[in-house]
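Now for the letters of each chain:
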Amino acid sequence: MPRRTREEAAATREQLLDAAERVFRDRGVARTSLAEVATEAGVTRGAVYWHFRDKADLVAGMCQRAVSPMDAMVERAHGAAGSPLATLRGLCVEALVHLGRDRRAHAVFEILFHRSESGGELARASERHEDDCRHAKARVESLIARAVAAGELPGDTDCTLATHAVHAYVTGIMHEWTLDPSAYDLAVRAAALVDAFVAGLAACPPRRAAAVRSGHARARA
């Protein structure tokens, strides 16, 4: 295939992905047809099927093109040294800043959170998002365990529960902010939001169930 043709094909694919982002955000995934994506991109419907098997493949391509905040979080966690809690703080801030500054990540997360139904065309994209979340949770739990070993958190800290709390807090901010990005500048306010949570985690981390029961027993005595 001549180089010019490859370049044109790549450009058309990008046009289609850009158009998909726009119409999915406006109308939702389920209510958008491939013909509407083609019209938005200024190409024929046949061009859509040249690049993508179906709508599910188009959605997957759109998500794969964007760098997920969770991906950014996992990548930065690899090989991180120093204070585990400071590293955890940095990772969470990085994920929120990435979402706040990266137009493509913002568009994809808005579509995943608010403009689509689970399953169907979103099944593969949802699986990828869940994989990203699992990897991020594994990194977070490793950091919390290191914080316990380093004496930054008490020895009876429930690392798994703390991990769920971190994930719920960060993804909750992402979910809320993509509903109304005009509420505040996420990239600017990310550090303040994360600091509030990390301070609470350091001051009063969740404890393992056995430790909680023991504490209640002592209190009753």
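For clarity, every value in this text was computed on a predicted model and none was experimentally measured. Residue indices follow the written sequence of each chain, beginning from 1 at its first position. A pLDDT threshold of at least 70 governs which residues receive local features in this predicted model, and a stricter bar of 80 or more applies before side-chain atom pairs are shown or counted, although totals over entire chains, interfaces and linings include all residues. Excluding hydrogens and water, the side-chain values take into account all heavy atoms of the structure.

Our focus in this paragraph is the overall build of the protein chain. Helix numbering and strand numbering both begin at the N terminus, where a helix is a DSSP run of H or I of at least 4 residues and a strand a DSSP run of E of at least 2. Looking only at helices and strands, the protein chain has eleven helices and zero strands in total. The order of helices and strands in the protein chain, counted from the N terminus, is α-α-α-α-α-α-α-α-α-α-α. A simple rule labels every residue: compare its accessible area, found with a 1.4 Å probe on the protein chains alone, to the largest value its type can have, and call it buried under 20%, exposed over 50%, or partly exposed in between. Counting across all 221 residues of the protein chain, residues that qualify as buried make up 42%. Here, two residues are considered to be in contact whenever any of their heavy atoms come within 4.5 Å of each other. Residue pairs in contact within the protein chain that sit at least 24 positions apart in sequence constitute 75% of those at least 6 positions apart. By element, 53% of the accessible surface of the protein chain is carried by carbon and sulfur atoms, the whole surface being about 11400 Å². Each accessible area is a Shrake-Rupley result for a 1.4 Å probe, and residues are judged covered by the shown protein chains and nothing else.

The next subject is the environment of L17. Tracing the sequence through the fold places L17 in helix α1 (residues 3-27). Under the relative-accessibility criterion, L17 is labelled buried at 0%. For the pair formed by L17 and R65, sequence separation is 48 residues and the distance between their alpha carbons is 8.6 Å. Ignoring any residue separated from it by four or fewer positions in sequence, one finds L17 in contact with F52, L58, G61, M62 and R65.

This next bit is on the pattern of salt bridges. Side-chain pairs of opposite charge can arise where the charged atoms are in close proximity. What makes a salt bridge here is a side-chain nitrogen of Lys or Arg within 4 Å of a carboxyl oxygen of Asp or Glu, nothing more. Counted by the stated rule, this structure contains 13 salt bridges. A salt bridge links D131 to R134, with the nearest nitrogen and oxygen atoms 2.0 Å apart. Taken together, the residues span about one helical turn, with D131 and R134 both in helix α8 (residues 123-149) at a distance of three residues.

Our next topic: the confidence of the model for the protein chain. A score between 0 and 100, pLDDT records how confident the predictor is in each residue. Averaged over every residue, the pLDDT of the protein chain is 87; the share at 70 or more is 86%. The lowest-confidence element of the protein chain is helix α11 (residues 209-220), averaging 55 in pLDDT; the highest-confidence one is helix α10 (residues 186-203), averaging 97.

Structurally, E21 is set in helix α1. Using a relative accessible area of 3% as the deciding quantity, one classes E21 as buried. When sequence neighbours within four positions are dropped, the list of residues in contact with E21 reads M62, R65, R103, R104, A107, V108 and I111.

Right, let's get into the nonpolar core. In this structure, L88, L96, I144, V166 and M174 are the most contacted members of the largest nonpolar core, which totals 33 residues. Elements supplying a minimum of two residues to this core: α6 (84-101), α8, α9 (159-179) and α10. For this core, the leading source of residues is α6, giving nine residues. With near-sequence residues (within four places) excluded, M174 lies in contact with P69, M70, A95, L96, L99, F109 and F113. Counting 21 residues, the second largest nonpolar core, distinct from the first, contains A41, V48, L58 and V59. What makes a nonpolar core is a set of buried Ala, Val, Leu, Ile, Met, Phe, Trp, Tyr and Cys residues whose side-chain atoms join them at distances within 4.5 Å.

What follows covers the packing of α6 against α10. Comment: axis = line fitted to C-alpha atoms, over the contacting stretch for helices; angle = value between 0 and 180 degrees taken between N-to-C directions. In the contact formed by α6 and α10, the axes pass within 8 Å of each other and the chain directions differ by 150°. Taken together, the axes of α6 and α10 are roughly antiparallel relative to one another. For the element pair α6 and α10, the recorded crossing hand is right-handed. Counted together, L85, L88, R89, C92, V93, L96, V97, L99, G100 and R101 of α6 and L186, A187, A190, A191, V194, D195, V198, L201 and A202 of α10 form the full contact between these two elements. When residues are sorted by character, Ala, Val, Leu, Ile, Met, Phe, Trp, Tyr, Cys and Pro go into the nonpolar class, Asp, Glu, Lys and Arg into the charged class, and all the rest, Gly among them, into the polar class. For the contact of α6 with α10, the per-class residue count stands at 15 nonpolar, one polar and three charged. Any angle that is under 35 degrees is reported as roughly parallel, and any over 145 degrees as roughly antiparallel; angles of 65 to 115 degrees are reported as roughly perpendicular and all others as oblique. Each crossing gets its handedness from the near helix: less than a right angle anticlockwise from the far helix is left-handed, clockwise is right-handed.

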